[in-house]
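The residues making up each chain are set out below.
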Amino acid sequence: MEYRELVIRALKKLPDSYVPYSHFHVAAALLSEDDTVFEGINIENASYTPTVCAERTAFFKAVSEGYRNFKAIAIVGCNEDALSSDKYKINLEIPAFTPPCGVCRQVMREFASPDEFEIILAKSPDDYKVYKLKELLPESFGPEFL
Ligand code: THU
């Protein structure tokens, strides 16, 4: 699958985020080894700490369906003003890149190769940048240490 398509899957998922507290929408589209796509959104909570990020929602959906190997994840995020703008509605454009939090990077590390897994940060279907997991999580600790 083209990364452009994966980015579009994430961008289209943004309105589904459950964000009554931060009002910051995040969505992710996770590409498995066999090209199955799992979408995820951030899910907040009145007690705040149980909030789950979009990336982890996507990973946990996939892992709970038996998937273990992944190629890439596209991540997008924006506030509600951006989501209600014509730029988003017409062109799927948002103002800024949203990098994954540290906890999500570590969850990726559990199920993905630091040298191969790619993290795609996007502002539109045609404006995205691609990092290897090891670039965003250097000298990481993973399953093979145990
Ligand atoms: N958030 C994500 O979903 N992914 C990240 O990697 C960064 C933060 C969410 C959590 C919370 O719902 C909102 O963004 C503001 O922190």
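Scroll up to find the structure.
Remember, predicted model here, so these are calculated numbers, not experimental data. Starting from 1, residues in each chain are numbered consecutively following that chain's sequence as written. A pLDDT threshold of at least 70 governs which residues receive local features in this predicted model, and a stricter bar of 80 or more applies before side-chain atom pairs are shown or counted, although totals over entire chains, interfaces and linings include all residues. Heavy atoms throughout the structure, all of them, feed into the side-chain values; hydrogens and water do not.

## A few points about helix 2 (residues 54-64)
Using the following cut-off: Residue exposure (1.4 Å probe, protein chains only): buried if accessible area is under 20% of the type maximum, exposed if over 50%, otherwise partly exposed. Numbering of helices and strands starts at the N terminus; helices are DSSP runs of H or I of at least 4 residues and strands are runs of E of at least 2.
Of all 11 residues in helix 2, eight are buried, a share of seventy percent or more. All buried positions along helix 2 are accounted for by Ala54, Glu55, Arg56, Thr57, Ala58, Phe59, Ala62 and Val63. Looking one or two residues beyond helix 2, the residue adopting positive phi is Gly66, at roughly 95°.

## Regarding the site of the ligand
Rules: Here a residue is near a molecule or strand as soon as one of its heavy atoms is found within 4 Å of it. Here a polar contact is recorded for every N or O atom pair within 3.5 Å, except that within protein the pair must consist of a potential hydrogen donor and a potential acceptor, and residues adjacent in sequence are included only if both atoms are side-chain atoms. Residues are grouped as follows: Ala, Val, Leu, Ile, Met, Phe, Trp, Tyr, Cys and Pro are nonpolar; Asp, Glu, Lys and Arg are charged; all remaining types, including Gly, are polar.
Around the ligand, the surrounding shell consists of Ser22, Phe24, Val26, Asn42, Glu44, Thr51, Cys53, Ala54, Glu55, Pro99, Pro100 and Cys101. In the model, an oxygen atom of the ligand is placed 2.8 Å from a nitrogen or oxygen of the Cys101 main chain. In terms of residue class, the shell around the ligand is built from seven nonpolar, three polar and two charged.

## What to know about unusual backbone geometry
Most peptide bonds take the trans form, and the phi angle of most residues other than glycine is negative. For His23, which is not a glycine, the phi torsion comes out positive at approximately 60°. Assignment of secondary structure puts His23 in the loop between helix 1 (3-13) and strand 1 (24-32). Phi angles above zero are rare outside glycine, and Tyr48 is one such case at about 65°. Note that Tyr48 resides in the loop between strand 2 (37-41) and helix 2. Residue Tyr48 is classed as exposed on the basis of its relative accessible area of 56%.

## Here we look at the pairing of strand 2
Stated formally: In short, DSSP must find at least two bridges between two strands for them to pair.
Burial analysis of strand 2 places five of its five residues in the buried class, the great majority of the element. Every second residue of strand 2 is oriented toward a common face, with Val37, Glu39 and Ile41 on one face and Phe38 and Gly40 on the other, all of them buried. Of the strand pairs in this sheet, strand 1 and strand 2 are connected by five bridges, and their pairing is antiparallel. By the bridge assignment, Ala27 is partnered in strand 2 with Ile41. Here strand 1 folds back onto strand 2, and the loop between the two strands holds four residues, one of which, Asp35, carries a positive phi near 75°.

## Details of the side chain of Arg56
The cut-off we apply is this: His is not counted, nor are the chain ends; Lys and Arg add positive charge and Asp and Glu add negative charge. For salt bridges, the criterion is a side-chain nitrogen of Lys or Arg within 4 Å of an Asp or Glu carboxyl oxygen. Every residue pair with non-hydrogen atoms within 4.5 Å of one another is taken to be in contact.
Take Arg56: it is sitting in helix 2. Within the buried core, Arg56 has no salt-bridge partner, and the shortest N-O distance to an opposite charge, that of Glu55, equals 6.5 Å. Those residues in contact with Arg56 that sit more than four places away from it in its chain are Cys101, Val103, Cys104 and Val107.

## Quick word on the packing of aromatic side chains
To keep it simple, the criterion reads: Any two of the Phe, Tyr and Trp rings considered here, Trp counted by its six-membered ring, make a pair once their centres fall within 6.5 Å; the pair's planes then place it as stacked at under 30 degrees, edge-to-face at over 60, or tilted in between.
The final tally for this structure, using the stated rule, is six aromatic pairs. An angle of 70° between the planes, with centres 4.8 Å apart, marks the rings of Phe38 and Tyr67 as edge-to-face. You can see Phe38 sitting in strand 2 and its partner Tyr67 sitting in the loop between helix 2 and strand 3 (70-79), a full 29 residues away along the chain. Among the residues examined, Phe38 registers a relative accessible area of 10% and is labelled buried.

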